[in-house]
Amino acid sequence: MKYLHTMVRVTDLEASLRFYRDALGLEVLNVREVPAGRYTLAFLAAPGDPAAQIELTHNWDPEVYTGGRNFGHVAYAVDDIYATCRRLMEHGVTISRPPRDGRMAFVRSPDQISIELLQSGGPLPPAEPWVSMPNVGAW
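So, a few notes on the structure that sits alongside this text. (Residues numbered from 1 in each chain as written. Predicted model: local features only at pLDDT ≥ 70, side-chain atom pairs only at ≥ 80, totals over all residues. Heavy atoms only, no water.)

Turning next to the overall build of the protein. Regarding its fold elements, the protein presents two helices and eight strands. Taken over the C-alpha trace, the protein has a radius of gyration of 16 Å; the compact-globule value for 139 residues is 14 Å, and the two agree within 12%. Along the first, second and third principal axes, the C-alpha set of the protein runs to 50 × 30 × 30 Å. The buried share of the protein, taken over its 139 residues, is 36%. Considering only contacts in the protein between residues 6 or more positions apart, those separated by 24 or more positions represent 56%. Per element, the accessible surface of the protein, about 7,800 Å² overall, is 54% carbon and sulfur. When the 13 positive and 16 negative side-chain charges of the protein are each reduced to one mean point, those points stand 4 Å apart. (Helix = DSSP H or I, 4+ residues; strand = E, 2+ residues; numbered from the N terminus. Rg over C-alpha atoms; globule rule 2.2 N^0.38 Å. Buried < 20%, exposed > 50% of the residue type's maximum accessible area, 1.4 Å probe, protein only. Contact = heavy atoms within 4.5 Å. Areas by Shrake-Rupley, 256 points an atom, 1.4 Å probe, with all protein chains shown as cover. Lys, Arg positive; Asp, Glu negative; His and termini not counted. Charge placed at Lys NZ, Arg CZ, Asp CG, Glu CD.)

This is the structure in structure tokens:
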């Protein structure tokens, strides 16, 4: 058995690509439009790790998706959690759970999917402004 991908339905593909590609830093591996099915699929992965993919599915006909805590989250290891959170904030992303411990942070996608960021290796030394930042909403 081999892990292939996790699929997430998105309401606005361009907003989701700005989040996953531009802010989070994932690479787009493939985008496929399926006119007969009226949807677009975008497959992304962390740089250098094409085996662990996330599939963004955009159904062309508007639909309201109800989220639930039963899904949980998608997690990525990052080389520098502070630099990653800084880049996300520069793209307008709210850090729901700041990396106060130098090890873990949470953000949410435009469709409210929780994304966990974990520092590769050991935690970084606690640093400002992260130590003093409060949690914002659910993560």
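Take the layout of surface pockets next. As a volume, the second largest pocket reaches approximately 250 Å³. Every residue lining the second largest pocket is counted, 14 residues in all, and those nearest its centre are Leu24, Pro47, Ala77, Val78 and Asp79. Of all the secondary-structure elements, those providing two or more residues to the lining of the second largest pocket are strand 5 (73-78) and helix 2 (81-90). Broken down by element, the residue count for the lining of the second largest pocket peaks at three residues, all from strand 5. When its residues are assigned to classes, the lining of the second largest pocket shows eight nonpolar, three polar and three charged. (1 Å grid on protein atoms, 1.4 Å probe; cavity = no way out; pocket = protein on both sides within 12 Å on 5 of 7 lines; lining within 4 Å. Points joined across faces, edges and corners; volume = space filled by probe spheres on them. Nonpolar A, V, L, I, M, F, W, Y, C, P; charged D, E, K, R; others polar.)

Extensive coverage of strand 3 (residues 39-45) is indicated by the burial of six of its seven residues. Of the strand pairs in this sheet, strand 2 (residues 27-34) and strand 3 are connected by seven bridges, and their pairing is antiparallel. By the bridge assignment for strand 3, Asn30 is matched with Phe43. If you look at the hairpin formed by strand 2 and strand 3, you'll find four residues sitting between the two strands, and Arg38 has a positive phi there, around 60°. (Pairing = 2+ DSSP bridges.)

The next thing to look at is the packing of aromatic side chains. As enumerated under the stated definition, the model contains two aromatic pairs in all. Measuring from ring centre to ring centre gives 4.9 Å for Phe19 and Tyr20, while their planes differ by 90°; the resulting arrangement is edge-to-face. By relative accessible area, Phe19 is classed as buried at 4%. Aromatic pair Tyr82 and Trp130: ring centres 6.0 Å apart, planes at 0°, arrangement stacked. Residue Tyr82 is located in helix 2, and its partner Trp130 is located in the segment after strand 8 (114-119); the two are separated by 48 residues in the primary sequence. Trp130 gets classed as buried once you look at its relative accessible area, which sits at 3%. (Phe/Tyr/Trp six-rings, centres within 6.5 Å; stacked < 30°, edge-to-face > 60°.)

Once that is clear, we can look at helix 1 (residues 13-23). When helix 1 is considered as a whole, its buried residues turn out to be Leu13, Ala15, Ser16, Leu17, Phe19, Tyr20 and Ala23. Measuring from the side-chain oxygen of the N-cap residue of helix 1 to the backbone nitrogen of Glu14 gives 3.1 Å; that N-cap residue is Asp12. Gly25 sits one or two positions beyond helix 1 and adopts a positive phi of about 95°. (Polar contact = N/O pair within 3.5 Å; in protein donor to acceptor, adjacent residues only side chain to side chain.)

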